[in-house]
Protein chains: 2
Amino acid sequence: MSNYSAGPEIERLIQLLAKLPGLGPRSARRVALHLLKKREALMGPLAEALSEAADKITACSTCGNLDVSDPCAICAAPGRDPSVICVVETVGDIWALERAGAFKGRYHVLGGVLSPLDGVRPDDLNIGRLLERAAAPEITEIVLALNATVDGQTTAHYLSDRLDGLDVTITSLARGVPVGGELDYLDDGTLAAAFKSRRPA
Amino acid sequence: MSNYSAGPEIERLIQLLAKLPGLGPRSARRVALHLLKKREALMGPLAEALSEAADKITACSTCGNLDVSDPCAICAAPGRDPSVICVVETVGDIWALERAGAFKGRYHVLGGVLSPLDGVRPDDLNIGRLLERAAAPEITEIVLALNATVDGQTTAHYLSDRLDGLDVTITSLARGVPVGGELDYLDDGTLAAAFKSRRPA
């Protein structure tokens, strides 16, 4: 290694970029060079967008969604069904469900899933607020839309137990063949679940 | 698609992030969420580093390297050999050569390679300044350290022609088996080149 460095400003930029998910030191250098090449069109606007988002965006104190307002646009929307809460792991899951347009109720972001290995315990998740919300008289259904992973399902079971005494229906997403999926490429667990939950055609 | 958007601030951030090389809309969303989660530790500092780099960093008017000073730290370094110029495609190549510590002269950044398909012609590259620099009496060698791609080698041939009348030695990087490389995994072209340029053990 030579003593030459690309200068502290570039080095610092590269180091910060390398902390982004999916980027390593090598791709961070590539991104930094690309940014320096597109200074007017990309680098300046990105710096601005970052500091604006960092300033303005906040977590909704009701559901944990990220938005510029609190309550967030979804919690505040008059057209959405106030009787159903869909529990998700992250804000990204809200975005995915909203893109699918599948749900018209409100959300609750746990902020992760229980994971003994990673040291994530119930107190680390946004569960207390969910129990409060679920106890409100207008709530009739809680959809546990957690990932179909071991940790996701453990968390779903835990939440079912905690919500047990309340007068709400607890549901979870269906398991089955993905739309467009080919049976030959599906894992055994999905195929078995799809077969078990088969329905009249 | 639902009409819900994650808010104009987040959408704009995601759109800008998706323009970075190696990121698409999906990974841009992941990066945006990660940044919003690590607001103090990563998002603020990154915004700052970006605007600072955008403000301060400039292209060296001699060699095209990016630095906070003009001439850049390499062109200005008194310890470096002023008689050899190493021609590279991009600033990233300077970084790579400096990390290897293989070269103690000065650089010249072409800003790309000739590519008829992409419409890159000699006028689009930093060639005029190279010819000026190469004509200076102290210059004895020009190393064409261009990529071993078709376009890189076409560009190297073109530069050799243009530099032909000058009293300088024109060299290029050796072709051969990469250090640590296994013959069985090498492409035929590399193997043939390494065999042709074999040397006494």
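Conventions and cut-offs
Residues numbered from 1 in each chain as written. Chains lettered and ligands numbered in written order. Predicted model: local features only at pLDDT ≥ 70, side-chain atom pairs only at ≥ 80, totals over all residues. Heavy atoms only, no water. Helix = DSSP H or I, 4+ residues; strand = E, 2+ residues; numbered from the N terminus. Buried < 20%, exposed > 50% of the residue type's maximum accessible area, 1.4 Å probe, protein only. Contact = heavy atoms within 4.5 Å. Areas by Shrake-Rupley, 256 points an atom, 1.4 Å probe, with all protein chains shown as cover. Buried area = accessible area lost by both parts, 1.4 Å probe. Salt bridge = Lys/Arg side-chain N within 4 Å of Asp/Glu carboxyl O. Polar contact = N/O pair within 3.5 Å; in protein donor to acceptor, adjacent residues only side chain to side chain. Least-squares fit on C-alpha atoms with pLDDT ≥ 70 in both. UniProt positions renumbered as here; feature names shortened; annotations may be inferred. Domains from an automatic or database assignment. Disulfide = S-S within 2.5 Å. Pairing = 2+ DSSP bridges. Axes fitted to C-alpha atoms, helices over the stretch in contact; angles between N-to-C directions.

Caption draft 1: Here's a closer look at the overall build of chain A. A count of helices and strands for chain A gives eight helices and six strands. In sequence order, chain A lays out its α and β elements as α-α-α-β-β-α-β-α-β-α-β-α-β-α. By its C-alpha atoms, chain A is 65 × 45 × 35 Å across when sized along the principal axes. Expressed as a percentage of the 201 residues in chain A, the buried residues total 42%. If you take every contact in chain A between residues at least 6 apart in sequence, the share linking residues at least 24 apart comes to 47%. When the accessible surface of chain A is totalled, it reaches about 11100 Å², and 53% of it is carbon and sulfur.

Caption draft 2: The interface of chain A and chain B, seen in detail. Counting residues at the interface gives 49 residues for chain A and 49 residues for chain B. Buried area between chain A and chain B, both sides added, is near 5100 Å², and the carbon and sulfur share of it is 73%. Here chain A and chain B share two salt bridges between them. With its nearest N and O atoms 3.8 Å apart, the salt bridge here joins glutamate 9 of chain B to lysine 56 of chain A. Linking chain A with chain B are four residue pairs in polar contact (both at pLDDT 80 or more), by the criterion used here. Elements with a contribution of two residues or more to the side of chain A that touches chain B: helix H1 (8-17), helix H2 (25-37), helix H3 (39-56), helix H4 (73-76) and helix H5 (91-100) of chain A. Ranked by residues supplied to the side of chain A that touches chain B, first place goes to H3 of chain A with 13 residues.

Caption draft 3: Representation of the relation of the copies chain A and chain B. Turning chain A through 180 degrees and shifting it by 0.0 Å along the axis lays it on chain B, with an RMSD of 0.0 Å. Such a turn and shift between the copies fits a two-fold axis. For chain A, the smallest separation between a C-alpha atom and the rotation axis is recorded for alanine 47 of chain A, amounting to 2.3 Å. Mapped onto chain B, 100% of the interface residues of chain A are again interface residues, and the two copies thus contact each other with one and the same surface.

Caption draft 4: Examining the UniProt feature "zinc finger region: C4-type" (unreviewed entry) in chain A more closely. When the UniProt feature table is mapped to this numbering, "zinc finger region: C4-type" (unreviewed entry) covers residues 60-75 of chain A. With 19% helix and 12% strand, residues 60-75 of chain A has its two end C-alpha atoms placed 8 Å apart.

Caption draft 5: The arrangement of the environment of leucine 114 of chain B in detail. All names here are of chain B. With respect to the helices, strands and loops of the structure, leucine 114 is situated in the loop between strand S4 (106-109) and helix H6 (127-134). What makes leucine 114 buried here is its relative accessible area of 9%. Counting along the chain gives 95 residues from leucine 114 to lysine 19, while the straight-line C-alpha distance between them is 24 Å. The residues contacting leucine 114, other than those within four sequence positions of it, are Val120, Arg121, Pro122, Leu125, Asp151, Thr155 and Tyr158.

Caption draft 6: Focus on the domain arrangement of chain A. According to the domain assignment, chain A consists of domain 1 (8-56) and domain 2 (66-172). Measuring from the centre of the C-alpha atoms in domain 1 of chain A to the corresponding centre in domain 2 of chain A gives 33 Å.

Caption draft 7: Up close: the state of the cysteines. Residue and element names in this part refer to chain A. Tallying each qualifying case throughout the model produces zero disulfides over all chains. Residue cysteine 72 stays outside any disulfide, its sulfur separated by 3.7 Å from that of cysteine 63, the closest cysteine. Residue cysteine 72 is classed as buried on the basis of its relative accessible area of 0%.

Caption draft 8: Local environment of the sheet that holds S4 of chain B. All names here are of chain B. The strand order across the open sheet formed by four strands is S4-S3-S5-S6, and the pairing between neighbours is parallel. Among the strands making up the open sheet, the edge pair consists of S4 and strand S6 (169-172). Averaged over all adjacent pairs, the angle separating strand axes in this sheet is 25 degrees, with direction ignored. Where strand S5 (residues 141-144) meets S6, four bridges bridge the pair, whose relative direction is parallel. Residue glutamate 141 lies in a different strand from S6, and its bridge partner there is threonine 169. Where helix H5 (residues 91-100) meets the sheet, it contacts strand S3 (84-88) and S4, and its direction lies at approximately 155 degrees from that of S4. Along the sheet, H6 contacts S3, S4 and S5; its crossing angle with S4, the most-contacted strand, is approximately 150 degrees.

Caption draft 9: Summary view of the pattern of salt bridges. All names here are of chain A. Evaluation of the coordinates by the stated rule reveals eight salt bridges over all chains. For arginine 80, the salt bridge identified is with glutamate 98, shortest N-O distance 2.8 Å. Linking arginine 80 in the loop between H4 and strand S3 (84-88) with glutamate 98 in helix H5, this pair joins segments that are 18 residues apart in sequence. We classify arginine 80 as buried; its relative accessible area is 10%.

Caption draft 10: Representation of the side chain of glutamate 98 of chain B in the model. Its relative accessible area of 2% is what places glutamate 98 of chain B among the buried residues. In terms of polar contacts, glutamate 98 of chain B uses its side chain to reach the side chain of arginine 80 of chain B, at 2.7 Å.

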